Amino acid sequence: MFVKLQHLDTNCIPILHPLNTSKTTNTNGKPSIPLPLHRTQREFEQQLIKKHQIPPQNPSDFRKRIVFVKPNPDGSVETPVKEKVAVEKGRGFDGRMWLRKENLHTKCSTNVLSGNEVVKKVHTRCSTKLLSGNVVKKVHARCSTNVLSENEVKKEHTRCSTNVLNGTVVVKEVHTRCSMKVLSENEVKKVHTRCSTNALSGNEVVKKMPTKCSMKWARYGGCIPAILEALERVDDLDEAFKPWELSLSNKERTIILKEQKVWQRALEIFEWFKRKGCYELNVIHYNIMIRILGKARKWDELEMLRDEMEKIGIESINSTYGTLIDVYSKGGIREKAMYWLDVMNTKGMEPDEVTMGIVVQMYKTAGQFEKAEEFFKKWSVDKRTPTKTEALTDHVGLSSYTYNTLIDTYGKAGRVNDASETFEQMLKEGIVPNTVTLNTMIHMLGNHGQLDEVASLMQKMEQFHCVPDTRTYNILISLHVKHDNIVAAKGYFKKIQEASLEPDSVTYRTLLYAFSIRHMVSEAEELVNEMDKRDLEVDEFTQSSLTRMYIEAGMVEKSWLWFNRFHIEGKMSPECYSASIDAFGERGYISEAEKVFKCCQERRNPTVLEFNVMIKAYGLNKKYDDACRLIDSMNEHGVFPDKCSYNSLIQMLASADLPQKASFYLRKMRESQFVSDCVPYSAVISSFVKLGQLEMAVRLFEEMIEFNVKPDVVVYGVLINAYADVGDVEEALRYVNEVKDMGLVTNDVICNSLIKLYTRVGCLKDAEEAYYMLQKLDAGTDVYSSNCMIDLYTERSMVKPAEEIFEKLRRNGNANEFSYTMMLCMYKKIGSFDEALEMAKQMRESGLLTDLLSYNHVLGLYASDGRFKDAVTIFNEMVESGVQPNDSTFKSLGVVLMKRGVPKKAVKNLDIMWRDDHQSGVKAWLDTLSSVVGMVYFDIND
């Protein structure tokens, strides 16, 4: 028989000769065929023989064995001592050997017989170490180790599995390819094999102990797992590749590069291949390196690699361009991706389906769904030559991946019908949808509220033999949470467990957020307990959500305990501390917010983010001095205020009517060069205007101009409105002209301010121009500007234009108390009492009588029209509603009394009584009016 030599140990020099044998048949009774030696293997041996000056060998020395011998340091080789080699005696050379014995070769399995019997068949793939006495000295196995002891171990080492029988014998050492394992005193201490080890010791069985050797590489077979393992263990590439240096194939080099996870190591290996000069590096190897460098965002190195390809004449193929487009689009450099697509088109190279899918995905990610569809349709047309009876829109044969990409693209574009049609086309062409396809469809249809279609697709999953995965249930949970069906969401969570699937972080995060915003505390806590049992980490988003849940549920103590749990662990980020500060601050728990801030200080110096959120919390709770002290102390902690810090503080101080303090920090902000626009200036100017300090507002405006901060239309609107309020037409118009000179577009604020100004000074024509301009703006007219125009028309008794504006307001539901009052005054002024009384009636029915002005106008209308009882009723309602009457009110009531014959002097006495004591005076007026009006109506009825 023949024993095939494996080159495993580079410290040994293989000396190879064919074995002479008298047998012409193998163990299976079939003719033996000599195994030819591969040319590269023969060359390798000849090189080594020549390098170490090995003398010619006598073939007869190798009839029963093939020996690996280590060379001496000087390169010479000594012939080993011809010592009797027998497995039974356990003696052999220090080098590795293969022994030719009868019945030595079996294909996979090992028959193990204990007692005094002999192991009949043992197949060894790598090497065999000898076992002596009751001690297993060293066993080196590639896959697994079988150790048998009772009297002696005859032959051990199988390719597939190992059964270890150990009665009372101590197995001292078992050395495998991965590590040294020790079994002692009926207990398997350490067993490390590549596949698994079954140890039977007494009554104890140790089954299937996993190995540290990488099972992820076992699928490659051959020498690849050993090479990849060596590359992980050994930094020096010459040493790592030494056993295989002259025998690496193209395919093996491809796999080695693909399996590198770190771009530096991949590039180092790639350069090593080039440096050796004996390896062919083709376009596939360059494609792999392009993908690795692109994934790591190493664009300079990638470009150098591309230049190298062109320099040495390696032509790019379809997959090269597809890889370039893919890495650049995923890296966010879409322009470069499009450049390589153009290069591809220029070279007349038609994208394959994979490249097409990459481009469509790129457009989809950028939100350019129409371009994605356009590219796909053009590609589809180019891929086929339609006949006269075929439509250009017919699909070419596509893979499920491409259909999934198209469905997702249409879904994200909101084109549900197109996505559904693509799904139907997929089914017509016989492409069986997978779980990804159906997940995409379920997500899209659910987001558009088509839950019935979702249920139908769930049934189709069974039809297509697609098993729902965790993502499927996550989508369903999310959809039902979105549609506020928390019961259904909880049901799908149970189905995950019933389907023997594991909920992932997305599952828990979705449900916990749903529970938190609904204040479902017990349900949330139950999920958290489950996560703790599974040692799942609670992410920062969930942590912040539950902190807010406890606070909003009024469980402040629990919220603090929840926060403290993560603070103690020391894994909280600045964003998480900030979220907790914000949650406490928004609900008014400022002391707890301060405690969180102090906890942050205990761990490290707070970042500017935590300072900003704490400043906001002080502002929300009106602790403006504390906010100012905090921003002033930032320098002490090595943190400097940023634009957000100053903006937040200035806005809160301006809103709190503290423009002087706000001005101080505005100047500090400007000195720090954080003022890039006029927004902070606008806030402080508005605050000054609000307090009536127009001069300070103008001074700050001029300072802004002096420091080259350009004002916008909002700032001008504030000043124009301020001058309109005080009736200063000249100054208001000066700022209006500045707006026009600067080319700023007039906004609704300026138009409304102009209408107010023109109404105040009675300029109807100018007001009409501003109102017309306001109508053309997107904001349109509002109730204030419309009421101003009604007022102007009322003063001029211009009924028709006033009625047009009023009717428009009423149709839109925008007419307010002032609108009705202006129309009532206009009708009363022109003597249209019926229309005026109708306005008063509608005001009373609509509950629009709430203001002193409207009460007085209605009361005056009834008094002048002789409706004294209605006038008294309105006065009663006015007093009961808490609206305090004024001189105008009693003037109308005095008319009522004098018309009913009450002397003028008595009316005057009532007025004096009211001025001396409002409460008793009002009562006297009510008593007198009730008495007089009652007598009048009684007399009239008689």
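Located above this text is the structure these notes cover.
Sequence order as written defines residue numbering, which begins from 1 separately in each chain. In keeping with the model being predicted, local features are shown solely for residues with a pLDDT of at least 70 and side-chain atom pairs are shown and tallied solely at 80 or more, while totals for entire chains, interfaces and linings include all residues. Hydrogens and waters are ignored; side-chain quantities use all the structure's heavy atoms.

Peer 1: Looking at this structure, I do not really get the overall build of the protein. What am I missing?
Peer 2: Helix numbers and strand numbers start at the N terminus; a helix is a DSSP run of H or I with at least 4 residues, a strand a run of E with at least 2. For the protein, the helix and strand inventory stands at 42 helices and nine strands. For the exposure calls, accessible area comes from a 1.4 Å probe over protein chains only, and a residue counts as buried if that area is under 20% of its type's maximum, exposed if over 50%, partly exposed in between. Residues classed as buried in the protein amount to 44% of the 942 residues present. Only heavy atoms enter the contact rule, under which two residues are in contact if any of them lie within 4.5 Å. Of the contacts formed within the protein by residues at least 6 apart in sequence, a portion of 58% connects residues at least 24 apart. Here the protein has roughly 50000 Å² of accessible surface; of this, 50% comes from carbon and sulfur atoms. The method behind every accessible area is Shrake-Rupley, applied with a 1.4 Å probe, and residues are considered shielded solely by the protein chains displayed.

Peer 1: Even after reading the chapter, I still don't get unusual backbone geometry, so can you show me in this structure?
Peer 2: Excluding glycine, most residues fall at negative phi; most peptide bonds, likewise, are trans. Despite not being glycine, Ser500 shows a phi value in the positive range, around 60°. Looking at the element boundaries, Ser500 is found in the loop between α17 (486–498) and α18 (505–517). A positive phi angle, close to 55°, is found at Ser797, a residue other than glycine. Among the secondary structure elements, Ser797 is positioned in the loop between α34 (783–795) and α35 (799–811). The class for Ser797 is partly exposed, based on a relative accessible area of 30%.

Peer 1: Just to check I follow, could you spell out the side chain of Arg265 for this structure?
Peer 2: As for its placement among the helices and strands, Arg265 is situated in helix α5 (residues 263–276). Given the relative accessible area of 14%, Arg265 is considered buried. Here Arg265 is in contact with Leu231, Val234, Asp235, Leu237 and Gln260, once residues within four sequence places are set aside.

Peer 1: I'm lost on the packing of helix α14 (residues 435–447) against helix α16 (residues 470–482) in this one. Help?
Peer 2: Each packed pair of helices is defined by two parameters, the angle between the axes and the distance between the axes. Helix axes are fitted only over the stretch in contact, all axes being lines through C-alpha atoms; the angle between N-to-C directions runs from 0 to 180 degrees. Where α14 meets α16, the closest approach of the two axes is 10 Å, and the angle between their N-to-C directions is 5°. In terms of orientation, α14 and α16 fall into the roughly parallel class. For the pair α14 and α16, the contacting residues are Thr435, Asn439, Ile442, His443, Gly446 and Asn447 in the first and Arg471, Thr472, Ile475, Leu476, Leu479 and Lys482 in the second. Gly is put with the polar residues, along with every residue not named as nonpolar or charged; the nonpolar set is Ala, Val, Leu, Ile, Met, Phe, Trp, Tyr, Cys and Pro, and the charged set is Asp, Glu, Lys and Arg. Taken together, the residues of the contact of α14 with α16 break down into four nonpolar, six polar and two charged. Any angle between 65 and 115 degrees counts as roughly perpendicular, while under 35 counts as roughly parallel, over 145 as roughly antiparallel, and the rest as oblique.

Peer 1: Can you help me understand the nonpolar core in this one?
Peer 2: Side chains that are nonpolar tend, in soluble globular proteins, to be buried together. In terms of nonpolar packing, the biggest core is built from 170 residues, with Ile442, Met614, Leu649, Met789, Phe875 and Trp925 touching the most fellow members. With nine residues, the top contributor of residues to this core is helix α30 (residues 713–725). Leave out the neighbours within four places in its chain, and Ile442 touches Val454, Leu457, Met458, Met461, Thr472, Ile475, Leu476 and Leu479. Only buried residues count toward a nonpolar core, which is a set of Ala, Val, Leu, Ile, Met, Phe, Trp, Tyr and Cys residues joined through side-chain atoms within 4.5 Å.

Peer 1: In this structure, what is going on with a negative patch on the surface? I would like to understand it.
Peer 2: Taken together, the side chains of Glu537, Glu540, Glu569 and Glu575 make up a negatively charged region of the molecular surface. Within the secondary structure layout, Glu537 lies in the loop between α19 (521–533) and α20 (540–552). Candidate patch residues must exceed 30% relative accessible area and have no salt bridge, after which like charges are joined if within 9 Å and Val, Leu, Ile, Met, Phe, Trp or Tyr side chains if within 5 Å. A pairing counts as a salt bridge when a side-chain nitrogen of Lys or Arg comes within 4 Å of a carboxyl oxygen of Asp or Glu. Working convention for charge: Lys and Arg count positive, Asp and Glu count negative, and His plus the chain ends are omitted. To locate a charge, take NZ of a lysine, CZ of an arginine, CG of an aspartate or CD of a glutamate.

Peer 1: What's the story with the packing of aromatic side chains in this structure? I'm lost.
Peer 2: The description of an aromatic ring pair uses the distance of the two centres, along with the angle that the planes make with each other. Aromatic rings from Phe, Tyr and Trp, taking only the six-membered ring of Trp, are treated as a pair when their centres fall within 6.5 Å; an angle between ring planes under 30 degrees marks them as stacked, one over 60 as edge-to-face, and anything in between as tilted. If you walk through the whole model with that rule in mind, you get 27 aromatic pairs. With centroids separated by 5.1 Å and ring planes inclined at 75°, the aromatic side chains of Phe597 and Phe611 adopt a geometry described as edge-to-face. Highlighted residues: Phe597 in helix α23 (residues 590–603) and Phe611 in helix α24 (residues 608–620), separated in sequence by 14 residues. In this structure Phe597 comes out as buried when scored by relative accessible area, which is 6%. With relative accessibility at 0%, the residue Phe611 sits in the buried group. Ring centres 5.1 Å apart and planes at 85° place the aromatic pair Phe806 and Tyr820 in the edge-to-face group. Taken together, the residues Phe806 in helix α35 and Tyr820 in helix α36 (residues 817–829) connect sequence positions 14 residues apart. Tyr820 carries the same exposure label as Phe806, and that label is buried.

Peer 1: Please explain the side chain of Asn787 as it appears in this structure.
Peer 2: With respect to the helices and strands, the residue Asn787 is situated in helix α34. Relative accessible area serves as the criterion here: at 4%, Asn787 is assigned to the buried category. Setting aside chain neighbours within four positions, we find Asn787 in contact with Leu809, Asn816, Phe818 and Ser819.

Peer 1: Help me understand the environment of Leu451, please; the structure alone is not making it clear to me.
Peer 2: Within the fold, Leu451 resides in helix α15 (residues 451–463). Since its relative accessible area comes to 28%, Leu451 is described here as partly exposed. In this structure the C-alpha to C-alpha distance between Leu451 and His480, which are 29 residues apart in sequence, comes to 9.0 Å. Here Leu451 is in contact with Gly446 and His483, once residues within four sequence places are set aside.

Distances and angles like these do not, on their own, reveal function.
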